[in-house]
Amino acid sequence: MKMMAQTFVRTSELICARWDEFDLEANRWTIPAERMKMKTPHIVALSRQTMEVLELLRDLSGSEELLFPGEQDRKKPMSNMTILKALERMGYKAG
């Protein structure tokens, strides 16, 4: 959730993020066109704070392709309900 707030990407773009989309030397994340709503690649500049989050994530996801692998199937991203339920528990619920 911290990374969502720092990058302003949609939940689906974040949970499907792959390590090979990141250029950590250039502090840049390039989201491929096929994952974007407008079907054009999207380049996200990564702040120092986001780079720190990525360092922590690298320790957690290890050699996985995905930043946020699923619990049951590590080849699939975690459920978007994971983030939505966390927001709900924090008091952010629509309606």
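A short tour of the structure in this document, coming up. It should be emphasised that the depicted structure is a prediction, and the values quoted were computed from it without experimental measurement.

## Re the overall build of the protein
- Tallying secondary structure elements over the protein gives four helices and three strands in all.
- Seen in sequence order, the protein has helices and strands lined up from the N terminus as α-α-β-β-β-α-α.
- Scaling as 2.2 N^0.38, a compact globule of 95 residues should have a C-alpha radius of gyration of about 12 Å, and the protein matches this with 13 Å.
- The principal-axis extent of the C-alpha atoms belonging to the protein is close to 40 × 30 × 25 Å.

## Overview of the nonpolar core
- Ranked by internal contacts, the top residues of the largest apolar core, which has 21 residues, are Met-3, Leu-14, Phe-22, Trp-29, Leu-54, Leu-57 and Leu-67.
- Looking at this core, the elements that each hand over two or more residues are helix H1 (2-7), helix H2 (11-15), strand S2 (28-31) and helix H3 (48-61).
- Ignoring anything within four residues of it in the chain, the contact list for Met-3 reads Leu-14, Phe-22, Trp-29, Thr-50, Val-53, Leu-54, Leu-57 and Leu-67.

Quick notes on the rules
- Residues numbered from 1 in each chain as written.
- Predicted model: local features only at pLDDT ≥ 70, side-chain atom pairs only at ≥ 80, totals over all residues.
- Heavy atoms only, no water.
- Helix = DSSP H or I, 4+ residues; strand = E, 2+ residues; numbered from the N terminus.
- Rg over C-alpha atoms; globule rule 2.2 N^0.38 Å.
- Core = buried A, V, L, I, M, F, W, Y, C linked by side-chain atoms within 4.5 Å.
- Buried < 20%, exposed > 50% of the residue type's maximum accessible area, 1.4 Å probe, protein only.
- Contact = heavy atoms within 4.5 Å.

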